[in-house]
Amino acid sequence: MSDPTPATDPAAHDPRLHHDPVSGRTVFVAPKRAMRPHDADRPANSDSTTDPRDWCPFCAGNEHRTPPAWLRAPAAATEPWRARIVPNLYPFAVEDPFAAAVAGGQAPLVPRPAHGVHDVVIESAAHERTVAAVDADAWRDVWELCRQRLDTLAARSDLAWATIFKNSGPQAGASLEHLHSQLVALDFVPAVMQAEMAAVDRAPRLFADAITAADRSGRIVAERADVVLLVPDAPRQPFEAWILPRTPEPFFHATTPARGAAVADLTQLYVTRLERLVPGSHFNWWLHQLPFGSRPSAALRAAWHWHLEILPRLSAFAGFELATGCHITPLSPDESAARLRRPVTP
Ligand SMILES: [Zn+2]
Ligand SMILES: [Zn+2]
């Protein structure tokens, strides 16, 4: 698909938020996104024998093609980096100098600048395409960097909420194959999060009950340090999975080192098994932790479990899904869990 022609007025490049009052949807109007690099832009003569450092902005050696890093692992600049977090050159949220401290974190009702932070998490120095290829210790470093960055952003009064999300493969929205995720902080709480928070407000044991039900029906795929990888009761696609702690915890950025490492290990285990079950499958994942600070009620903070939702993109979302918000999946959650539980054998 060819990109639309960007606007010629430079001021028009700054992303803005528009609100649809009928659906409650928020849309980021971000013309500069049309200019972001794409694997399809690589030199026409490149193939599997071409060195990706010739064209990939995320490879070690091409640091000049990204802004300076906010964080790197290891921290010492004298050692080669294994992961870096850098500002996104094509952000859909930018620092608005006129942004004020946010009160309720409500979505905008009239168009306004999309104020926030939009980073790229470059998850390997080499041109890796899969989480499964990264050394386990280096992969733990990636999650620790994300935790630190979220922890820093959480202290800002002008930001309401943040997430980490991964688009793995073109069917999941990735434009570059080099292993990476994105980290976004916004000055409002998106509608999907508002809906989950309202559900947990009404039923504080929702997450605990989901884990108990998964325990009883054999949908726990794996567990590390009190963090579980489970198939939810209503998966949108075969092999959808959630990663969450057994006990409530509102913020991933405030979790223990053991739980942070558990998330790294469980995401790597999940990707290894998904790739065995459906080679080459594309997927998304995203973090749902509570809005920053004391915005959520004490009751909600006591009931929330931060969680990573992992959604394989085995079939496209079609008219029915878009029309209704309902999903159709051909595989039962019990069968998805049973297949994910089988260890990979060499
Ligand atoms: Zn690369
Ligand atoms: Zn969620």
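Residues numbered from 1 in each chain as written. Chains lettered and ligands numbered in written order. Predicted model: local features only at pLDDT ≥ 70, side-chain atom pairs only at ≥ 80, totals over all residues. Heavy atoms only, no water.

Examining the packing of aromatic side chains
Within the structure shown, the criterion is met by 9 aromatic pairs. Between F28 and F92, the aromatic rings sit 5.2 Å apart at their centres with planes inclined by 70 degrees, giving edge-to-face as the arrangement. With F28 in strand β2 (residues 26-29) and F92 in the loop between β4 (83-87) and β5 (112-113), this pair connects stretches of sequence that are 64 residues apart. Grouping aromatic residues by their ring pairs yields a cluster made of W139, W143, F252, F283, W285 and W306. Its end group placed over the ring of W81, R84 keeps NZ or CZ at 5.2 Å from the ring centre. A cation over a ring is seen here: R313 above F317, with NZ or CZ 4.5 Å from the ring centre. (Phe/Tyr/Trp six-rings, centres within 6.5 Å; stacked < 30°, edge-to-face > 60°. Helix = DSSP H or I, 4+ residues; strand = E, 2+ residues; numbered from the N terminus. Lys NZ or Arg CZ within 6 Å of the ring centre and 35° of its normal.)

A short note on the nonpolar core
By size, the foremost hydrophobic cluster in this structure holds 49 residues, and its most contacted members are W139, W143, L229, I243, Y270 and W285. In terms of residue count, the dominant contributor to this core is helix α1 (residues 136-154) (9 residues). Here this core gathers at least three residues from each of two domains, domain 1 (14-32 + 52-191) and domain 2 (193-341). Setting aside residues no more than four positions away along its own chain, W143 makes contact with I164, F252, G260, V263, A264, T267, W285 and L308. (Core = buried A, V, L, I, M, F, W, Y, C linked by side-chain atoms within 4.5 Å. Buried < 20%, exposed > 50% of the residue type's maximum accessible area, 1.4 Å probe, protein only. Domains from an automatic or database assignment. Contact = heavy atoms within 4.5 Å.)

Regarding the coordination of the zinc ion (ligand 1)
Each donor-metal-donor angle would ideally measure 109.5 degrees in four-coordinate tetrahedral geometry, or 90 or 180 degrees in six-coordinate octahedral geometry. Surrounding the zinc ion (ligand 1) are the protein donor atoms C56 (SG), C59 (SG), H127 (ND1) and H178 (ND1), which sit 2.1 to 2.3 Å from the metal. Mapped onto the sequence, the residues coordinating the zinc ion (ligand 1) show the spacing C-x2-C-x67-H-x50-H. Remark: H178 occurs in the loop between β7 (161-168) and β8 (180-186) and C59 occurs in the loop between β2 and β3 (71-73); sequence separation between them is 119 residues. As far as burial versus exposure is concerned, C59 and H178 are alike and both buried. (Donors = N, O, S within 2.8 Å, 3.2 Å for Na, K, Ca; no water.)

Some words on α1
Residues that lie three or four places apart on an α-helix share one face, since the helix turns once every 3.6 residues. With 19 residues, α1 extends 27 Å between its outermost C-alpha atoms, agreeing within 8% with the 27 Å of an ideal straight helix rising 1.5 Å per residue. For α1, the complete set of buried residues consists of A138, W139, V142, W143, L145, C146, R147, R149, L150, L153 and A154. Two or three places before D137, at the opening of α1, D135 has a side-chain oxygen 3.1 Å from that residue's backbone nitrogen. (Expected span 1.5 Å × (residues − 1). Polar contact = N/O pair within 3.5 Å; in protein donor to acceptor, adjacent residues only side chain to side chain.)

Description of the packing of α1 against helix α4 (residues 257-277)
Contact geometry of α1 with α4 gives a least axis separation of 8 Å together with a crossing angle of 120 degrees. The orientation of α1 with respect to α4, classified from their angle, is oblique. Handedness of the crossing formed by α1 with α4: right-handed. Contacts between α1 and α4 involve A136, W139, R140 and W143 on the former and, on the latter, G260, A261, V263, A264, D265, T267 and Q268. A class-by-class count of the residues in the contact of α1 with α4 yields 6 nonpolar, 3 polar and 2 charged. (Axes fitted to C-alpha atoms, helices over the stretch in contact; angles between N-to-C directions. Parallel < 35°, antiparallel > 145°, perpendicular 65-115°, else oblique. Left-handed = near helix turned anticlockwise from the far one by under 90°. Nonpolar A, V, L, I, M, F, W, Y, C, P; charged D, E, K, R; others polar.)

Remarks on the coordination of the zinc ion (ligand 2)
The coordination sphere of the zinc ion (ligand 2) contains the protein donors E196 (OE), E196 (OE), H288 (ND1), H307 (NE2) and E309 (OE), at a distance range of 1.9 to 2.3 Å. On the primary sequence, the residues serving as donors to the zinc ion (ligand 2) are separated as E-x91-H-x18-H-x1-E. Taken as a pair, H288 in strand β12 (residues 283-288) and E309 in strand β13 (residues 307-312) lie far apart in primary sequence, 21 residues in all.

With respect to the sheet that holds strand β10 (residues 227-230)
Taken in spatial order, the 10 strands of this open sheet run β3-β4-β6-β8-β7-β12-β13-β11-β10-β9, and their pairing is antiparallel. The sheet terminates laterally at β3 and β9 (220-224), the two strands that pair on one side only. Strand after strand, the sheet turns through a mean of 15 degrees between neighbouring axes, direction not considered. Taken together, the 4 bridges between β7 and β12 define a ladder with antiparallel strand orientation. Across the sheet, K166 pairs through a bridge with W285, a residue of β12. Against the sheet, helix α2 (residues 191-202) touches β7, β12 and β13, its axis set at about 60 degrees to β12. (Pairing = 2+ DSSP bridges.)

Points about the pairing of strand β11 (residues 241-245)
Counting buried positions over the 5 residues of β11 gives 5, a clear majority of the element. Side chains of β11 alternate between two faces, with A241, I243 and P245 and W242 and L244 buried alike. Both β10 and β11 contribute to a ladder of 4 bridges, which runs antiparallel. By the bridge assignment for β11, L229 is matched with I243. Strand direction decides the pairing type here: β11 and β13, joined by 3 bridges, are antiparallel. Residue A241 lies in a different strand from β13, and its bridge partner there is I310.

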